[in-house]
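Observations on the three-dimensional arrangement
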Amino acid sequence: MSWQTEMVSIVRYLINDVTPTYTFTDARLQHTIVVAAQLVNDELTFINTYSIDIANTGISPDPTSGTRDDAFINLTS
């Protein structure tokens, strides 16, 4: 499972946007997660070193695959 799927699901539950007629698109939530990742990554040190690409909505490496980084996932979400 990629961060785009797992972290979007976490955020949907946190903001109570779980009804299939969603208020926010997946793309909008993914972009919001990347912005949050930039802010969190600047403040804390994690088990992985992340590259955050706001313009292209990217987080590398994927924190949800391989060696999971639950702290990064939870704090960013």
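Read on for a plain summary of the structure.

What counts and what doesn't
- Residues numbered from 1 in each chain as written.
- Predicted model: local features only at pLDDT ≥ 70, side-chain atom pairs only at ≥ 80, totals over all residues.
- Heavy atoms only, no water.
- Helix = DSSP H or I, 4+ residues; strand = E, 2+ residues; numbered from the N terminus.
- Polar contact = N/O pair within 3.5 Å; in protein donor to acceptor, adjacent residues only side chain to side chain.
- Contact = heavy atoms within 4.5 Å.
- Buried < 20%, exposed > 50% of the residue type's maximum accessible area, 1.4 Å probe, protein only.
- Patch = residues over 30% accessible without salt bridge, like charges linked within 9 Å, V, L, I, M, F, W, Y side chains within 5 Å.
- Areas by Shrake-Rupley, 256 points an atom, 1.4 Å probe, with all protein chains shown as cover.
- Salt bridge = Lys/Arg side-chain N within 4 Å of Asp/Glu carboxyl O.

Quick word on the side chain of Thr-76
By secondary structure assignment, the location of Thr-76 is in helix α3 (residues 70-76). Looking at Thr-76, its side chain comes within polar contact range of the main-chain oxygen of Phe-72, at 2.8 Å. When sequence neighbours within four positions are dropped, the list of residues in contact with Thr-76 reads Met-7, Ile-33, Ala-36, Ala-37 and Val-40.

So, unusual backbone geometry
Backbone torsion omega between Ser-60 and Pro-61 reads -5°, so that peptide bond is classified as cis. Within the secondary structure, Pro-61 is located in the loop between β2 (58-60) and α3. Look at Asn-16: it is not a glycine, yet its phi comes out positive at around 55°. Within the fold, Asn-16 resides in the loop between α1 (3-14) and α2 (26-43).

Remarks on the environment of Trp-3
Position of Trp-3 among the secondary structure elements: in helix α1. The buried category is assigned to Trp-3, whose relative accessible area is 2%. As a C-alpha pair, Trp-3 and Thr-64 span 61 residues in sequence and 5.5 Å in three-dimensional space. Not counting the four nearest positions on each side in its chain, Trp-3 is found in contact with Val-8, Gln-30, Ile-33, Val-34, Thr-57, Gly-58, Ile-59, Asp-62, Pro-63 and Thr-64.

Focus on a nonpolar patch on the surface
Judged by side-chain polarity, Leu-14, Ile-15 and Phe-24 come together as a nonpolar surface patch covering roughly 280 Å² of accessible area. Here Phe-24 lies in the loop between α1 and α2.

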